[in-house]
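# Residue-level structure breakdown
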Amino acid sequence: MKLFHTADWHLGKLVQGVYMTDDQRYILKQFLQAIDEEQPDAVIIAGDLYDRALPPVEAVDLLDETLAEIVLKRKVPVLSIAGNHDSPTRLQFGSKLMKEAGLHIAGELSTNLEPIVLKDEYGEVCFHLVPFAEPSMVKNLYGDPSISTYDDAMRKVTGIIEENMDKSKRHVLIGHAFVTPYGEKEENTSDSERPLAIGGSECVNAECFRAFHYTALGHLHKAHYVLNENIRYSGSPLKYSASEANHEKGFLIVDLAEDGSVAVEKRRFLPRRDLRIVEGSIQEILKHPINEDYVFVRLTDLTPVVGAMEQIRTVYPNAMHVERKALPRESNAGESEVVRREQMDDFSLFKAFHQEMTGQEPTETAQRLFEEILQEMITEERETKEVILK
């Protein structure tokens, strides 16, 4: 069975004040062309179809048009789940009606974990759709008070699926989570993807997926495999931040053999405009040929540049951001050191701000309070969006 694995479309994405809808439409046309050429048996979209719970009308129209082209015109089944950016209830609406046409969308996690079954010349393939869900939601859904982390929640769900699966068939799981080889904390692959939690509690152990022949993941924006080559992120189809400038964007073509083994090929997209980082002095940059790419400019000038963005846009009309590459400051040892903001996580930024405002490092109590407040904000943001929609 041939599968297309994609994720993290983030339709309606706004990058530095620029809506990416036209760029997303450009990419999705290439995706449709690839479907025509490769004739996949199914398309997987592993969450974050939209960039926010209430997407703009243009984003909703683009998704509707694209799914209609795939499912209704080309008769290719689509298997999709909600990610942490999506509204579960919004995606869940009409799912029973759309299922008859071949569009299978799981917006909300439920206790009914029956797979979607598709067939090829070798028999049945079971697709297990596991949408994004907070640990508290999984705990309440299954009445299991021991669930407190994302790893606990995923172990619960995959454990139930494994207990009930027919081992004589092939099984594919579609999930949206921060999966690491052994559940250890790792840095995100993109600044444009908001954290699910803080302090490493968002990480899920890849061992949760050992029972599946292929695991199609969404959430991290860089294409890569985790622990085993059959547990994979497809990555996002476009670059959505400067941290993704070196990513190779595209989708995965997965060939699932009769014995459940997989062969995976990366297929790249050609964007309408690249998103990249440009470094140099203002005088060096002004000598560049005119270019339409989305650029993040890091000026190497040691002194401030007046009207920097206006000057840069004479060469790069779609420039998104400009900053000085590095700022000098005195270290505790009295030596000069260089600090780059894009290399700083939330805690480092908090510490730097506290140091600048008070002249002192924050206490352990202050750091713990910051961590608790940040976690509350992350959780409340998702809960508030769902209350508004309901």
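Residues numbered from 1 in each chain as written. Predicted model: local features only at pLDDT ≥ 70, side-chain atom pairs only at ≥ 80, totals over all residues. Heavy atoms only, no water.

The protein chain is annotated in an unreviewed UniProt entry as Nuclease SbcCD subunit D from Ureibacillus yapensis. Quoted verbatim from the Function (unreviewed entry) field of UniProt, the annotation for the protein chain is "SbcCD cleaves DNA hairpin structures. These structures can inhibit DNA replication and are intermediates in certain DNA recombination reactions. The complex acts as a 3'->5' double strand exonuclease that can open hairpins. It also has a 5' single-strand endonuclease activity." Database annotation for the protein chain, UniProt heading Sequence similarities (unreviewed entry): "Belongs to the SbcD family." (UniProt positions renumbered as here; feature names shortened; annotations may be inferred.)

## Remarks on a nonpolar patch on the surface
Taken together, the side chains of Leu 369, Ile 373 and Met 377 present a nonpolar region at the surface, about 300 Å² in accessible area. Structurally, the position occupied by Leu 369 is in helix 10 (residues 364-389). (Patch = residues over 30% accessible without salt bridge, like charges linked within 9 Å, V, L, I, M, F, W, Y side chains within 5 Å. Areas by Shrake-Rupley, 256 points an atom, 1.4 Å probe, with all protein chains shown as cover. Salt bridge = Lys/Arg side-chain N within 4 Å of Asp/Glu carboxyl O. Helix = DSSP H or I, 4+ residues; strand = E, 2+ residues; numbered from the N terminus.)

## Looking at the sheet that holds strand 7 (residues 116-120)
The strands making up a sheet associate through backbone hydrogen bonding, with each pair oriented either parallel or antiparallel. Read from one edge of the open sheet, 6 strands run 7-8-9-12-14-13, paired in mixed fashion. A strand with exactly one partner marks an edge of an open sheet, and here the two such strands are strand 7 and strand 13 (224-226). Each adjacent strand pair in this sheet contributes to an overall mean axis angle of 30°, direction not counted. When strand 9 (residues 170-176) meets strand 12 (residues 214-218), the two strands line up parallel, connected through 5 bridges. When the bridges of strand 12 are listed, Leu 173 appears paired with Thr 215. (Pairing = 2+ DSSP bridges. Axes fitted to C-alpha atoms, helices over the stretch in contact; angles between N-to-C directions.)

## Looking at the packing of aromatic side chains
Applying the stated criterion across every chain yields a total of 7 aromatic pairs. Residues Phe 31 and Phe 269 carry aromatic rings whose centres are separated by 6.3 Å and whose planes lie at 70° to one another, so their mutual orientation is edge-to-face. Taken together, the residues Phe 31 in helix 1 (residues 21-38) and Phe 269 in the loop between strand 16 (262-268) and strand 17 (275-280) connect sequence positions 238 residues apart. Where Phe 251 meets Phe 269, the ring centres are 5.4 Å apart and the plane angle is 40°; that geometry is what we call tilted. Residue Phe 251 is found in strand 15 (residues 250-256), and its partner Phe 269 is found in the loop between strand 16 and strand 17; the two are separated by 18 residues along the sequence. You'll find Phe 251 and Phe 269 in the same group, each marked buried. (Phe/Tyr/Trp six-rings, centres within 6.5 Å; stacked < 30°, edge-to-face > 60°. Buried < 20%, exposed > 50% of the residue type's maximum accessible area, 1.4 Å probe, protein only.)

## As for the environment of Glu 258
Inspection of the secondary structure puts Glu 258 in the loop between strand 15 and strand 16. Look at Glu 258 and you get exposed, because its relative accessible area is 54%. For the pair formed by Glu 258 and Glu 121, sequence separation is 137 residues and the distance between their alpha carbons is 8.7 Å. Apart from residues lying up to four places away in sequence, Glu 258 is in contact with Tyr 122 and Arg 170. (Contact = heavy atoms within 4.5 Å.)

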